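Take a look at the letters that make up each chain.
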There are 2 protein chains.
Amino acid sequence: MSYRAPVSEMVFTLAHVAGLPEEAIGRADAEAILSEAGRLAAEVIAPLNRTGDRHGATLSEGRVTTAPGFAEAYRAFVEGGWNGLAADPDHGGQGLPQLLGAAATEIWNGANLSFSLCPLLTAGGIEALVAHGSDDLKARYLEKLVSGTWTATMNLTEPQAGSDLSGLRTRAEPAGDGTYRITGAKIYITYGEHDMADNIVHLVLARLKDAPAGTRGISLFLVPKVLPDGSANDLRCSGLEHKLGIHASPTCSMAFGDRGGATGWLIGEENRGLACMFTMMNSARLNVGLQGVGVAEAATQRALAYAHERRQGRAPGSAEASPIVQHADVQRMLLTMKAYTAAARSICYLTAAALDAARGPEGQAAGDRASLLTPVAKAFSTDIANEVTSLGVQVHGGMGFVEETGAAQLMRDARILAIYEGTNGIQAIDLTSRKLPLNGGATVRAQIAAMRRTAEGLLKSADPAFGHAAARLRAGIECLDRATSHQLAVLGSNRPEIALAGATPYLRLFGLVQGAACLGTAALAARAALAAGETDPAHRARIALARFFAHNLLPAASGLEVEVIDGGAFVDEAALVLAQ
Amino acid sequence: MSYRAPVSEMVFTLAHVAGLPEEAIGRADAEAILSEAGRLAAEVIAPLNRTGDRHGATLSEGRVTTAPGFAEAYRAFVEGGWNGLAADPDHGGQGLPQLLGAAATEIWNGANLSFSLCPLLTAGGIEALVAHGSDDLKARYLEKLVSGTWTATMNLTEPQAGSDLSGLRTRAEPAGDGTYRITGAKIYITYGEHDMADNIVHLVLARLKDAPAGTRGISLFLVPKVLPDGSANDLRCSGLEHKLGIHASPTCSMAFGDRGGATGWLIGEENRGLACMFTMMNSARLNVGLQGVGVAEAATQRALAYAHERRQGRAPGSAEASPIVQHADVQRMLLTMKAYTAAARSICYLTAAALDAARGPEGQAAGDRASLLTPVAKAFSTDIANEVTSLGVQVHGGMGFVEETGAAQLMRDARILAIYEGTNGIQAIDLTSRKLPLNGGATVRAQIAAMRRTAEGLLKSADPAFGHAAARLRAGIECLDRATSHQLAVLGSNRPEIALAGATPYLRLFGLVQGAACLGTAALAARAALAAGETDPAHRARIALARFFAHNLLPAASGLEVEVIDGGAFVDEAALVLAQ
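Residues numbered from 1 in each chain as written. Chains lettered and ligands numbered in written order. Predicted model: local features only at pLDDT ≥ 70, side-chain atom pairs only at ≥ 80, totals over all residues. Heavy atoms only, no water.

The name given to chain A in an unreviewed UniProt entry is 3-methylmercaptopropionyl-CoA dehydrogenase, with Methylobacterium radiodurans as the source organism. Listed in UniProt under the heading Cofactor (unreviewed entry), the comment for chain A reads: "FAD". Recorded under Sequence similarities (unreviewed entry), the UniProt text for chain A is reproduced unchanged: "Belongs to the acyl-CoA dehydrogenase family." (UniProt positions renumbered as here; feature names shortened; annotations may be inferred.)

Given below as structure tokens:
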């Protein structure tokens, strides 16, 4: 059973939850594009997922060979023009909305996380270059990166500098000709070396001599594998990590400057590298959220197919062994998988839509909304990706623990998502300490107000098909509202660390309520479609799924509120319990 | 960093939460025995955990070779007399309480899940033989199994018969000399073939000719690898599974009767095999719960050590990079790991204590209590094992995803625990449909009443160190009480499947509240010890951990109650949402 892009569900969410503007792209065009992406994903990229896991990428004499079929599939991806889908036409892109690009990103990752990491990194590089690169660098690199002919990497982490980049030691020295000599070692560099493209454009954080200590002394450099004159730069892959998952994605240790210094070009201003890196991190974080949605969808499809096929026990009223999809406990697992996946998809699409809107008349307010939603999109989607892929293993029973089935690989692959691009704990701290205070709290309040409008819509409809969804959603929103006030108040107190102690349950609460509101919006749209005479059974399924979310998953909101408001006291006793 | 048995915490829990009777074994003796077990675990068994994962077990010409060191370590385990710790002295055991045996089981599994599965299976075989074996079979096999010289297996599963054994196809035919000829194929047979013992005693479920269809036509047979005359029986290992985890534990496909039929002896009566198997399953389920406790403890120790060592970012007031154990979000993860592990340990020990008490004056009431608690001990402990080992990866950040660190292995190994010995969904159904109705609900009511006494104790103490723990525990108990009434009422209605739909959240609610009550009991005992002048800082840590559990984990109870009571309606719409 291979991954199939859920195109009609995606288009419905784009249109009715995220509000894809008809003037940007018509719905039929969106559907056609995503169907075409789905075809490439199903026929070319997804079939490489299991073999990629088994073969992995291999390093020999400094060269990384990717798993069989990867280079050919990447060529097909580039030739199809998929890499530049949402990029600026001035740089060779197709100029489609970020929102459509987000849906396509979900598809590639649903098919194969390892494969799709390569263009995901390139997208970050493009963004940094567009925002901060000199005209010269743009002219030299942008078109090749937008087409995907060349790929990009992010070189941040060093052994002593992971989440905290202030301890960075990689050095940069001006060479006197406008270039810099880069020397140092980096780790965890995704696709730092591979055989899928002729050149790899490394974006490297390094420290200039006499730069201020800490993160204010870090600069960003473009360091290509192949120099403009065609010669090899002074850099190499010195090792590959042996990882839990995403085996086909080479995670490289990189050595820069073994022979005197790799040649690099400054991106942006000296000592402003972290700001440049943050530019690319925001979209990278949304993209990692979309990876979570993709792998959760893949796990759900696989478990659902198995549950329809596997027969064990008798469902009530059955005379013979029933497909396990008919057992209530299996249904609960599958509905949980479907509901979380749909919620995470909605949140990621909302975030992408806000990025698009930030370039239109709404401007800064939409940009702030995107900033608010980004850590939720990243962390909630990847947390549920871990949960959903684990449920996928559980639905398979003993078969789920056997690697041949493929369910276990999805769980292993998904496990990195909550860690890289800023751990989910860091996302939670970002949400509480930087995003809630945006505009004095007005941004988060506006978002909560939008959720309230959905709850009122559900209530006003008084449709018995919604069950208690309206009341549950209202209750959940009040939990979120009170927890938000608490976090903002404590942040401004003399014990801000108490707010950080509650940051993770707060983010979960936000994602849960936002997800329930999104499914409520979808259910209202489905109801309207039924009222208008549409007969697609998917509409009734959307209403039932929103109800399941409200009845079976959203009730966790009240406990999360208590944990946020009452739980922070542990910081005063943690040292006692955690002494060794 | 290797596993260290948390002996003083274990003994405190044995004494003050599970109530190890002083007349059965003195506390100092218990501590001495567990310390000795801890030494063997740390010095011999734990060091094989990583190498076992890498090497795995290998099959060649029907022979399985275990990973380097396993056979020698098993010999040391047998020579130390550990296999028969809690077995009857009449069969060569040491006759110590099940409760002490449970603590030892936790230790072996904390050191190495793969290794410890071998004696765990043998324990099940001993139990079945003791309860149902003929005198002749007992005389021939029991002493060797109790000492561990020979090992045992459980042969239940076939490709088409997993959770549902009614479809079993393995055949048994009387040979006319009191033995039977067994023919068929089994899968997922743990330690079905290995090189750690001279003989392997297979307990095999099979169907006699003309037996009734379904589970009432299944009989249990003892089928040894080596026959009493020293010749090889007609059975072989036909394959090993390639698994997500527990690589060092050989999971065998077994072929019986390639050359006309393996020789077997009936255990118990014809067609009563399932009842015999259930005897061994109950204790096996508790032991799997203890596996969860062990691996959760190991993951917690590893994460805690890493968090003390790894420096990233500055904690409030620090001038330099701080150990990450000082960051609130990391503290939240580590405290969650510690609290869940302590709760699961307490529940498993309570269950073992009830098994001991069932043989004493309390009799059947204690036996019923053990029956009630067994599915909770199995499922809650293994669910939290998945969560705790995953948090262990998260605490390690990027290093957690790299296999060399060891955190990922614990997560992979733990993943089987919620699946085998009856999936956790089956445990939840067992709790709701068979255990709640015990004695018309009196067993579960008595258990809830015991939790209430702890809440009252906390309330009466009015110790500010407990925070809101008393109030939270009372609220949690009321959630459990209402959810219990709901499940019992719905079970007796014409829609019992609604109760099954809520079985999993109900089990989680039960485990959560029972765990909170146990930690409350421990906190009260710690408070008494402090009042009596003891100065061990572990006492204050126990109080703080109970408070953390009540403030930060127990609040989930209210949402779980809603899910149990309100969530079951999905069974009427699931087919719509889960159509393919």
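Next comes the rest of the description.
### Regarding the domain arrangement of chain A
Residues and elements named next belong to chain A. For chain A, the domain assignment lists domain 1 (7-147), domain 2 (151-270), domain 3 (285-310 + 324-422) and domain 4 (424-580). Relative to domain 2, the C-alpha centre of domain 1 lies at a distance of 23 Å. Taken together, the contact pairs 30 residues of domain 1 with 29 residues of domain 2. For the domain 1 and domain 2 pair, buried surface summed over both sides reaches about 2600 Å², with 71% attributable to carbon and sulfur atoms. A per-residue breakdown of the area domain 1 buries against domain 2 is headed by Val64, Leu121 and Tyr141, which together make up 21% of the total. Where domain 1 meets domain 2, there are 0 salt bridges. Run the count over domain 1 and domain 2 and you get 7 residue pairs in polar contact (both at pLDDT 80 or more). Elements represented by at least two residues in the side of domain 1 that touches domain 2 include exactly helix H3 (48-55), strand E1 (58-60), strand E2 (63-65), helix H4 (70-79), helix H6 (113-132) and helix H7 (135-147). A per-element tally of the side of domain 1 that touches domain 2 places H6 first, with 11 residues. Of the residues in the side of domain 1 that touches domain 2, the class split is 16 nonpolar, 11 polar and 3 charged. (Domains from an automatic or database assignment. Contact = heavy atoms within 4.5 Å. Buried area = accessible area lost by both parts, 1.4 Å probe. Salt bridge = Lys/Arg side-chain N within 4 Å of Asp/Glu carboxyl O. Polar contact = N/O pair within 3.5 Å; in protein donor to acceptor, adjacent residues only side chain to side chain. Helix = DSSP H or I, 4+ residues; strand = E, 2+ residues; numbered from the N terminus. Nonpolar A, V, L, I, M, F, W, Y, C, P; charged D, E, K, R; others polar.)

### Re the UniProt feature "domain: Acyl-CoA oxidase/dehydrogenase middle" (unreviewed entry) in chain A
When the UniProt feature table is mapped to this numbering, "domain: Acyl-CoA oxidase/dehydrogenase middle" (unreviewed entry) covers residues 154-257 of chain A. Regarding residues 154-257 of chain A, the helix share stands at 0% and the strand share at 43%, and the terminal C-alpha atoms are separated by 17 Å.

### Things to note about the side chain of Asp234 of chain A
Residues and elements named next belong to chain A. Within the secondary structure, Asp234 is located in the loop between strand E7 (218-224) and strand E8 (235-240). A polar contact is formed between the side chain of Asp234 and the backbone nitrogen of Arg259, at a distance of 2.8 Å. There is a polar contact of 2.9 Å between the side chain of Asp234 and the backbone nitrogen of Gly261. Apart from residues lying up to four places away in sequence, Asp234 is in contact with Ala255, Phe256, Gly257, Asp258, Arg259, Gly260, Gly261 and Ala262.

### Description of the UniProt feature "domain: Acyl-CoA dehydrogenase/oxidase N-terminal" (unreviewed entry) in chain A
According to UniProt, the feature "domain: Acyl-CoA dehydrogenase/oxidase N-terminal" (unreviewed entry) maps to residues 29-148 of chain A in the numbering used here. Structurally, residues 29-148 of chain A is divided into 68% helix and 5% strand, and its ends, taken at the C-alpha atoms, are 23 Å apart.

### A short note on the interface of chain B and chain A
Each partner contributes residues to the interface: chain B has 84 residues there, and chain A has 84 residues. The contact between chain B and chain A buries some 7200 Å² in all, and 61% of this surface belongs to carbon and sulfur atoms. When the buried surface of chain B facing chain A is broken down by residue, Leu244, Phe401 and Leu578 of chain B rank first, second and third, together holding 11% of it. In this structure, the connection of chain B to chain A is made through 4 salt bridges. Note that Glu573 of chain B is salt-bridged to Arg547 of chain A, the shortest N-O span being 3.6 Å. For the pair chain B and chain A, the interface holds 39 residue pairs in polar contact (both at pLDDT 80 or more). Take the side of chain B that touches chain A: its biggest share by element is 9 residues, from helix H17 (residues 537-553) of chain B. When the residues that make up the side of chain B that touches chain A are grouped by side-chain class, the tally is 41 nonpolar, 24 polar and 19 charged.

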